[in-house]
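Residue-level listing of the chains:
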There are 2 protein chains.
Amino acid sequence: MDGTLVDVPLEASARLRALLSPQSIALVGASDRSGWSTGSFTNFELLGFEGSLHLVNRNGGEVHGHPAFTSCTEIGEPVDLALMLVGAPALPVALADAAAAGIRSAVVLAAGFGEAGPDGARAQQELVELCRGLDVTCVGPNCLGFVNVLDRAPAWSGQMASLVPGGVAVVSQSGATAHTIASFAAVQNIGLSHVISTGNEAMVDTIDMAAAVLEDDRVRALAMFVESIRDVERFRLLAARAAGLEKPIVMMKVGTSALAAEIALTHTGALVGDDRLVGAALRQFGVVRVHSLEQLAITAGLLAHTGPLPPGGLGVVSISGGACDIIADRAEAVGVPLEPLAETTQARLAELLPSYGTLRNPLDITGAASENPQIFADALAALAGDPSVAVLAAIHVLPTAERAARFRPRLEVISTGLRAAGPRGLLVDQTFGEIDRHTATVLEGIGVTHAMTGLRDTVDAIGCAMRWSAWLRRARTATPVEDELELDGRDVAWSEARGLRLLAEHGLPVVPWRLVETSEEAVAAARELGYPVVLKVVSPEILHKSDLGGVALDLQTDDDVTDAFDRVTAAGAGVAGAHVEGALVAPMRRGGLELIVGAIRDAHWGPTFAVGFGGVWVHVADDTSLRLLPVDESEVREMLDELRGRALLDGVRGSPPADMDRLVGAIVAFARLAERLGPRLASIEINPLRVDGATVEALDAVVAWSAPEPGGPS
Amino acid sequence: MDGTLVDVPLEASARLRALLSPQSIALVGASDRSGWSTGSFTNFELLGFEGSLHLVNRNGGEVHGHPAFTSCTEIGEPVDLALMLVGAPALPVALADAAAAGIRSAVVLAAGFGEAGPDGARAQQELVELCRGLDVTCVGPNCLGFVNVLDRAPAWSGQMASLVPGGVAVVSQSGATAHTIASFAAVQNIGLSHVISTGNEAMVDTIDMAAAVLEDDRVRALAMFVESIRDVERFRLLAARAAGLEKPIVMMKVGTSALAAEIALTHTGALVGDDRLVGAALRQFGVVRVHSLEQLAITAGLLAHTGPLPPGGLGVVSISGGACDIIADRAEAVGVPLEPLAETTQARLAELLPSYGTLRNPLDITGAASENPQIFADALAALAGDPSVAVLAAIHVLPTAERAARFRPRLEVISTGLRAAGPRGLLVDQTFGEIDRHTATVLEGIGVTHAMTGLRDTVDAIGCAMRWSAWLRRARTATPVEDELELDGRDVAWSEARGLRLLAEHGLPVVPWRLVETSEEAVAAARELGYPVVLKVVSPEILHKSDLGGVALDLQTDDDVTDAFDRVTAAGAGVAGAHVEGALVAPMRRGGLELIVGAIRDAHWGPTFAVGFGGVWVHVADDTSLRLLPVDESEVREMLDELRGRALLDGVRGSPPADMDRLVGAIVAFARLAERLGPRLASIEINPLRVDGATVEALDAVVAWSAPEPGGPS
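Keep in mind that this is a model prediction, so the values were computed, not measured.

Moving on: the overall build of chain A. Assigned secondary structure in chain A consists of 21 helices and 32 strands. Based on the C-alpha atoms only, the size of chain A along its principal axes is roughly 100 × 80 × 35 Å. Here chain A holds 714 residues, and the buried ones make up 58% of them. Considering only intrachain contacts with a sequence separation of at least 6, the fraction spanning at least 24 residues in chain A is 71%. Split by element, the accessible area of chain A, about 27,100 Å² in all, is 51% carbon and sulfur. Side chains of chain A give 55 positive and 89 negative charges; the mean places of these two sets differ by 3 Å.

This next bit is on the confidence of the model for chain A. Residues and elements named next belong to chain A. Overall, the prediction assigns chain A a mean pLDDT of 88, with 91% of residues at 70 or greater. Here residues 1–9 is modelled with pLDDT under 50, and outside its nearest four sequence neighbours on either side it reaches 17 contacts, counting other chains as well. Per-residue pLDDT stays below 50 along residues 258–273; that stretch engages in 41 contacts with residues further than four places along the chain or on separate chains. If you check the scores for this complex, the pTM reads 0.86 and the ipTM reads 0.84.

Here we come to the relation of the copies chain A and chain B. When chain A is brought onto chain B, the operation consists of a screw motion whose angular component is 180° and whose axial shift is 0.0 Å, with 0.2 Å RMSD remaining. The operation mapping one copy onto its partner corresponds to a two-fold rotation axis. Mapped onto chain B, 100% of the interface residues of chain A again fall at the interface, so both copies present the same surface.

Our focus in this paragraph is the sheet that holds strand E21 (residues 451–453) of chain B. All names here are of chain B. The 5 strands lie next to each other as E18-E17-E19-E20-E21, forming an open sheet whose pairing is parallel. Looking at strand neighbours, the two that pair on one side only are strand E18 (363–364) and E21, the edges of this open sheet. Examined bridge by bridge, strand E20 (residues 425–429) and E21 share 3 bridges and lie parallel to one another. Following the sheet pairing, Val428 is matched in E21 by Met452. Relative to the sheet, helix H13 (residues 373–384) contacts strand E17 (313–318), E18 and strand E19 (389–395), its axis offset from that of E19 by approximately 165°.

On the side of chain B, 52 residues touch chain A, which itself brings 52 residues to the contact. Taking both partners together, chain A and chain B bury about 4,400 Å²; carbon and sulfur atoms supply 53% of that area. Salt-bridge contacts for Arg456 of chain A lead to Asp457 of chain B; the nearest nitrogen and oxygen are separated by 2.7 Å. The interface formed by chain A and chain B contains 7 residue pairs in polar contact (both at pLDDT 80 or more). If you list the elements that add at least two residues to the side of chain A that touches chain B, you get helix H5 (175–187), strand E13 (249–253), helix H9 (293–306), helix H10 (321–334) and helix H16 (455–475) of chain A. The element contributing the most residues to the side of chain A that touches chain B is H10 of chain A, with 7 residues. The residue makeup of the side of chain A that touches chain B, split by class, is 17 nonpolar, 20 polar and 15 charged.

In this section: unusual backbone geometry. Looking along the chain, the bond that leaves Gly140 of chain A and enters Pro141 of chain A is cis, with omega of 0°. Position of Pro141 of chain A relative to the elements: it lies in the loop between strand E7 (137–139) and strand E8 (145–148). With an omega of 10°, the peptide bond between Asn687 of chain A and Pro688 of chain A qualifies as cis. For Pro688 of chain A, the position within the fold is in strand E30 (residues 681–692). One non-glycine residue, His64 of chain B, lies in positive phi territory at about 50°. With respect to the helices and strands, the residue His64 of chain B is situated in the loop between strand E3 (62–63) and strand E4 (66–67). One non-glycine residue, Asn142 of chain B, lies in the positive phi region at around 60°. For Asn142 of chain B, the position within the fold is in the loop between strand E7 (137–139) and strand E8 (145–148).

Further remarks concern the packing of helix H11 (residues 343–352) of chain A against helix H13 (residues 373–384) of chain A. Residues and elements named next belong to chain A. One can describe the packing of H11 onto H13 by two numbers: an axis separation of 9 Å at closest approach and a directional angle of 170°. It follows that H11 is roughly antiparallel to H13 by the angle criterion. On the side of H11, the interface is formed by Thr345, Arg348, Leu349 and Leu352, while H13 contributes Asp378, Ala379, Ala382 and Leu383. Across the contact of H11 with H13, the residue classes tally to 5 nonpolar, 1 polar and 2 charged.

This part covers the state of the cysteines. Covalent bonding between the sulfur atoms of two cysteines defines a disulfide. One pass over the structure, following the stated rule, counts 0 disulfides over all chains. Summary of cysteine pairing: Cys143 of chain B is not part of a disulfide, and the nearest cysteine sulfur, belonging to Cys138 of chain B, is at 8.0 Å. Cys324 of chain B carries a free sulfur, and the closest cysteine sulfur to it, the one in Cys143 of chain A, is 20 Å from it. Judged by its relative accessible area of 4%, Cys324 of chain B falls in the buried class.

For the rest of this paragraph, the subject is the environment of Val93 of chain B. Structurally, Val93 of chain B can be placed in helix H3 (residues 91–100). For the pair Val93 of chain B and Val413 of chain B, spaced 320 residues apart in the sequence, the C-alpha separation amounts to 63 Å.

All right, on to the pattern of salt bridges then. Residues and elements named next belong to chain A. Counted according to the given criterion, the structure contains 66 salt bridges over all chains. Between Glu635 and Arg627 there is a salt bridge, with the nearest N and O atoms lying 3.3 Å from each other. Taken together, the shared-partner salt bridges connect Arg283, Arg474, Arg627, Glu635, Glu638 and Glu642 into one network.

A word on the packing of aromatic side chains. Residues and elements named next belong to chain B. Tallied over the entire structure, the rule returns 11 aromatic pairs over all chains. Taking the centre distance of 5.8 Å and the plane angle of 40° together, the rings of Phe184 and Phe432 count as tilted. With Phe184 in helix H5 (residues 175–187) and Phe432 in the loop between E20 and helix H15 (437–445), this pair connects stretches of sequence that are 248 residues apart. For Phe432, a relative accessible area of 3% translates into the label buried.

Right, let's talk about the sheet that holds strand E11 (residues 192–197) of chain A for a bit. All names here are of chain A. In space, the 7 strands of this open sheet follow the order E9-E8-E11-E10-E12-E13-E16, with mixed pairing throughout. One side of each edge strand has no neighbouring strand; the edge strands of this open sheet are strand E9 (153–156) and strand E16 (288–290). Across this sheet, the average inter-strand angle for adjacent strands is 20°, counted without regard to direction. Relative to E9, E8 is paired through 4 bridges, and the arrangement is antiparallel. In the strand pairing of E9, Gly145 is matched with Trp156. In the packing of helix H2 (residues 35–47) onto the sheet, contacts are made with E8 and E9, and the angle to E9 comes to roughly 165°. Here helix H6 (residues 206–214) sits on the sheet and contacts strand E10 (165–172), E11 and strand E12 (221–226); the angle it forms with E12, its principal contact strand, is near 175°.

About the cut-offs
Residues numbered from 1 in each chain as written. Chains lettered and ligands numbered in written order. Predicted model: local features only at pLDDT ≥ 70, side-chain atom pairs only at ≥ 80, totals over all residues. Heavy atoms only, no water. Helix = DSSP H or I, 4+ residues; strand = E, 2+ residues; numbered from the N terminus. Buried < 20%, exposed > 50% of the residue type's maximum accessible area, 1.4 Å probe, protein only. Contact = heavy atoms within 4.5 Å. Areas by Shrake-Rupley, 256 points an atom, 1.4 Å probe, with all protein chains shown as cover. Lys, Arg positive; Asp, Glu negative; His and termini not counted. Charge placed at Lys NZ, Arg CZ, Asp CG, Glu CD. pLDDT = per-residue confidence, 0-100. Least-squares fit on C-alpha atoms with pLDDT ≥ 70 in both. Pairing = 2+ DSSP bridges. Axes fitted to C-alpha atoms, helices over the stretch in contact; angles between N-to-C directions. Buried area = accessible area lost by both parts, 1.4 Å probe. Salt bridge = Lys/Arg side-chain N within 4 Å of Asp/Glu carboxyl O. Polar contact = N/O pair within 3.5 Å; in protein donor to acceptor, adjacent residues only side chain to side chain. Nonpolar A, V, L, I, M, F, W, Y, C, P; charged D, E, K, R; others polar. Parallel < 35°, antiparallel > 145°, perpendicular 65-115°, else oblique. Disulfide = S-S within 2.5 Å. Phe/Tyr/Trp six-rings, centres within 6.5 Å; stacked < 30°, edge-to-face > 60°.

Have a look at this one:
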């Protein structure tokens, strides 16, 4: 991979990989009276753990039909990991005992820590210190643990579902939700490599775990369930590593409705909610965002199977016209292309299906093909050869136990056609249903490598897979991050004059302007620039000039300018503590479109970038496009395309279309500048960036800085 | 029911009800060599048909292990319905034979009719004439038939899935899709009353069938799958009847992407796609629209179980915090209220859960409650008593065969709490899964009356149910339709002057204006109205005045007006065939907001009504709200609320908020007028309807008529 997607393994990854592959496990707190213990023990049998399992109960005796040790030190052979089922009070002693036995990894079920108020938080801090002192890496507390499905190692508290081994790693802070996802994956025949929960994340969080399993060659996709992205920079590195390995991260992020924190931009007030920023960030990082547990499992399962898709659309063959209609509607709604078939494909189909009328995609070969499945297979093979088909779907009921006798022979034939598309050939049932072991075995027997259920969820997952693949192709040509600018004198805010100068120095087109200190200078400037003009008071302390009478518009004569100069500077002088540098004179602009481009440094997300239409347009609900910096040219074009008022740029009511290259160039220059202003930037905004055909110019600039870190460079 | 929801049984309903409940059926074309026949025959056994089944094969002999008649007339006892499996060539003779045997109803499988080009269409017309002559009602052709699940009568070609009897009637033009929906419903334990397909609909369509089953008291909800709504008026009657019976119609309509036909409004060009109009119409008719087969079955199943819901929100109890997060996000996204709990409920919960912190809804009672399910049950009972809770959901895995041993005892306790909410208490599994017979039996045994799977689909279905219930409450107060206006001289188009007069006569606020014929009159009018003024040429033949120089704005003096009068009338006179009546003088308006309100008579949908912002706002993608006429005041308010630029009406940039009562009043007056203009109206539009605080006035009016029907009243 080129550009930004460099190989950045996260710290501790190697140690966590070892933690996740224990050869020898101690079940500490094992007891016949505990449902947790009984369930955990069952998992070892169900999964066929091939390492050593040691039961530890401080009273010894027999547990789960086996003799139990009274302490870990009694085991007498090396143990890799302790699954701690003991309660919080017994935990310190149990951990010390484990450490004394040379155990360096522990999964801790006990609750009553960080989730339980200030006392719990203190207890958790003590736990971390204890573990550090003992050189033990602790997963949890308040955590169900993990199952390494591929290596058959279940360090899970309570009973896990029967899983199908495969390439999807499930990583979730919530253990209950990890279990739910895993159970669902099992009945969809989606193979899992790991099921990992991190609980209170005292020492190890979901990013650590995700980074560790990413390095396992057998892991082909990550399915993450998260409540928040706590560390944007580490998450960005994780995403970059995943992209470098061409492994998708599919994510469901919840808590969006609770986190109604809004981002405030200068001038325009609160424009957007946090969730849109999450969405923008994940899209930029190449993370596939989904909005249901079902989609999380299905999408990760699909991508683990296909890997990155080539460019192209979806090809569909079905014996049901209704299914074709449903797919066409859904594909359009979620942006999955259904390309017209190539002429060679059409010619081939015309041979196969001489009596059919239009040969469209989705291809309805009608119920008549039920009698002759070879037609179905041949049609599939024809579509598989079409250069526009990236994913091929055969729509048919699955050979469930109830139906296998009726449909297996037909599906055997259909499968031969589907195989022409390799791993990108899918068998799809119209509605959601389970794919149990019986069905999976029949499918495997007839050579169907991936089956999915439900047209809606299948089309949605294919859409996600296509968008991720396209992102991956684009990411390879991303531009590198630039160095921070060296700037002097970063006060709380800059005057407009200084802001406009900064813009101009960095390649942005700026309206002609003069900074004047007397009314005579103002008149001279007005004459030079040409009437009509505008006059604005210039002071770094005054951001909202119009509200204070600090702006005079549409001045037609020398007298107008003289009066206005006195008025706006007097207005500025009336503001307590404001230092008035003079007034800014610029030609009055009319017509054209106004955009707002702005960047803020968000405390959580870092440099964040917004583009929207200005003027009354800011009142169109949510019509602002957001990204994290850096952005490149294609991303800026995408941002503009996202705006609901996008058509305005094509020219309306006789106004000329905007020069898009020039506009995009200006916005990219602005984004690069904002990116290089460094961590002390609070916000920078152009409002408006005026666009009138080929003319693009900033009419205004607001730059504000945060206070320097105490002791840091100013 | 009051108002418009009158009892309007559709024609032929009684005859179709008889057709759908046959006591005696002839399987015509029965043959061991036909998969259709074998499947059909199997259905009679599977369903336990209690009437008489007669096999007919023109060669006689033994079929499906029973002796076959060589013709229907041979049967020798009354037969209610013939399920015709014979091909198109043999059909006329077979139908005549059936009719001769006194059979009055037939389901016809044969293809090669309306779906097969012009020849097929002719054959279908001949088939209809034959059936009419024989007094036979034909369902199809090219149709799989129907299953009356409740009366155990399967007139279905090919094998049907094993169904659960219940209150949902599935009605679909496509037989394959009806079968898919029914199969899915079966594995979700959704009870069906009927599964009906109508094929080519030569004599009986989905509206007929839906109307017939609606009258069956055992049918509680309709699940319809349709490709188009061919007859809006009959469909409106069906929907009104369903509303009168308080039975929901849940509908999935496909073909939206293919039908990209757009509605053109005068001036503003193509604003909206057909699908938005479908959506608006269905919402107005109280039809619950869904976008997947799964949602179709699940939503109908839920509503068949609960009936109309009382006002209120969703109450949730779960042992998983992750599930609570997912529900909160989804509920917000799809508009399902999660109301704060009443103080009495909170007090009750505080007794039950003394150690818990915040008692929110969704209520996370944490995994600790796994050990003590009585807490779960008590919390459910507390929420069931909360006045804000219309639907109560307990989130828990279902007792599938694999899990029943572990979870049945716990669920037995939970169920006692859920029952406090009556039929509105639901057990919900977090992810999608099947509810097979085993699970359904366990659920029934422990008193759970309705279970659903998948948080996403459950919350979505509850949202649909709540919206339908709210619609039903509102529909009871709907206003009656008014009579058509008597108007003279409806030419192709009216001049603006005539249009403005019409608006004023019907209670709309209109800008002051004068029609003048000379420049002297124009100056006098300008002085009277006050400068500045606008001048527009008046001619019924000229709709787009500005394009031709027929409009002069911002005239400040008598001289301006004199010049402008000559200019605009000359411009008008230059248009071939235009009759210039003079010019219209009105005060020049500035500022404020511009709306467009318009109505057109759509060839398919009838009178259709649109509201949007004018000026540059028409370029905001899709920002127009649509309805079919009539609309009432609450609907107009809803339309305005749908606009993305809605916030503009609250006052922006220092402009005053719009007087909403006055604005809504003007729009309602316009809608009433448009409705009363009768079937000859082509379009009527105000562009702009200016709003500036308390001032609301029409600045323009365009009225166009279609040519009268030949021979009809002019």
